[in-house]
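# Observations on the model geometry
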Amino acid sequence: MRVGVLGTGQVGGSILLGLRALPHVTASAWDADPATRSLLIAAGVDVADPADLLTCDVLVLALPTPAALAWLADPPPGCTALVTDACSVTGALAAAAHPRLRHVGGHPMAGTEGSGWTSARSDMFTGAPWALVVDDPALVPQDWLDVAGLVTGLGARVIPVGAQAHDEAVGLVSHLPHVLTAAYGDTLTRAEDDLALVLGASSFDDFTRVSTSPGQRTADLLWHNRAAVRAWVAAFRESLDRVERTLDEVDGAAFAGLFTQAGAARRRRDARRQRWCEPATPVFRGQPADCLGWLRAQGPGSVAIAHIEDAGAGGPAGAGGPAGAGGPAGAARDREVTLWGWRFDR
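Residues numbered from 1 in each chain as written. Predicted model: local features only at pLDDT ≥ 70, side-chain atom pairs only at ≥ 80, totals over all residues. Heavy atoms only, no water.

### Some points on the nonpolar core
Among the nonpolar cores identified, the biggest contains 46 residues, and Ile15, Leu19, Leu132, Trp144, Leu295 and Leu339 are the most heavily contacted of them. Of the residues forming this core, the biggest block, six residues, is contributed by helix 6 (residues 141-153). The contacts of isoleucine 15, once residues within four sequence positions are left out, are Val5, Val60, Ala86, Phe125, Trp130 and Leu154. Counting 18 residues, the second-largest nonpolar core is a separate cluster that includes Leu54, Ala68, Leu72 and Leu101. (Core = buried A, V, L, I, M, F, W, Y, C linked by side-chain atoms within 4.5 Å. Buried < 20%, exposed > 50% of the residue type's maximum accessible area, 1.4 Å probe, protein only. Helix = DSSP H or I, 4+ residues; strand = E, 2+ residues; numbered from the N terminus. Contact = heavy atoms within 4.5 Å.)

This is the structure in structure tokens:
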């Protein structure tokens, strides 16, 4: 399978490094920055002309969100690749994608405050959730399975999502934390308290880590999801008001209760992630045409996929080319895929 990566910052670079370790994948890349291209060549990466990437089996757009939106809305002529992306929003990109494209929206939930090729890691996605959109009515089931096969090959857990549900969810768990640390940073700046900065320890470091990310990159992440961000900011303001009210009470019991309850959601998340360390089991077996319908019928966040077996191709979906390729048409129609992973109760 030929896979192209357009953009080799931290996320795109990590995807590229992971793909290069897969025996059934030949990976090429392009980056608009000449200095980065020099680093890629020095690392032994096949740096291809952007036009050559258009005919890959799969093309990964790892561009800043504004650039990805522009590319999807007006793709270069001659693009025959199955296109997926690694942006932090899905609704805007799904709406922008040109009808002639085969597009599977995606969002790897991994990364650090670092940026650029030099912060990329081959194991960036090991055990990490990777959202893949399933509710696009134009989506071809086999296209989704091929992208999902690549994602699980990188070690990630595929989380099937609806585009709008994804954007609302990441607005809470990814985008709102950036807003809060920005507001906290503004408070720190206005306070001009050097003693506080000197005394800052682990809780300060943990809370402010993402504030050291490149500012424009963070703004690009949030701007195209600002409706969800605004709604979560309003919800957080209500919670902050509740905290403030408890400070006016006499015995402090309600105040203590806030901290007792604070970790409930985190503990529930950790319990689900712990399940990912257990052996995966079959959660679906059937024809590819039925796979998307089944995934769409599941509750949001109720399925995580570790790997995909393709009975027609004799191995994981995506291994050696698009799953089911090379066989008789009838055999492709009759073959089955098995999704291995975990299901979670509400």
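### Overview of helix 7 (residues 163-191)
Taking 1.5 Å of rise per residue, the 29 residues of helix 7 would be expected to cover 42 Å, and the 40 Å separating its terminal C-alpha atoms lies within 8% of that figure. A bend of about 50 degrees at glycine 171 is the largest found in helix 7. Of all the positions in helix 7, only Ala163, His166, Asp167, Val170, Gly171, Ser174, His175, Leu176, His178, Leu180 and Thr181 are classed as buried. A positive phi of about 50 degrees marks glutamate 192, the residue just after helix 7. (Expected span 1.5 Å × (residues − 1). Bend = angle between axes of the 7 residues up to and from the residue.)

### Some points on the sheet that holds strand 5 (residues 82-85)
Taken in spatial order, the six strands make up an open sheet running 3-2-1-4-5-6, and their pairing is parallel. Both edges of this open sheet fall to strand 3 (46-47) and strand 6 (102-104), since each of them pairs with a single strand only. Bridge analysis of strand 1 (residues 2-6) against strand 2 (residues 26-30) gives five bridges, and the strand direction is parallel. In the sheet register, valine 5 faces strand 2, and the bridge partner there is alanine 29. (Pairing = 2+ DSSP bridges.)

### Describing the packing of helix 11 (residues 226-246) against helix 12 (residues 253-262)
Between helix 11 and helix 12, whose axes approach to 8 Å, the crossing angle comes to 140 degrees. Classified by the angle their axes make, helix 11 and helix 12 are oblique. Along its contact with helix 11, which presents Arg242, Val243 and Thr246, the element helix 12 presents Ala254, Phe255, Leu258 and Gln261. Classifying every residue of the contact of helix 11 with helix 12 by side-chain character gives four nonpolar, two polar and one charged. (Axes fitted to C-alpha atoms, helices over the stretch in contact; angles between N-to-C directions. Parallel < 35°, antiparallel > 145°, perpendicular 65-115°, else oblique. Nonpolar A, V, L, I, M, F, W, Y, C, P; charged D, E, K, R; others polar.)

Nothing here speaks to function; it is geometry throughout.
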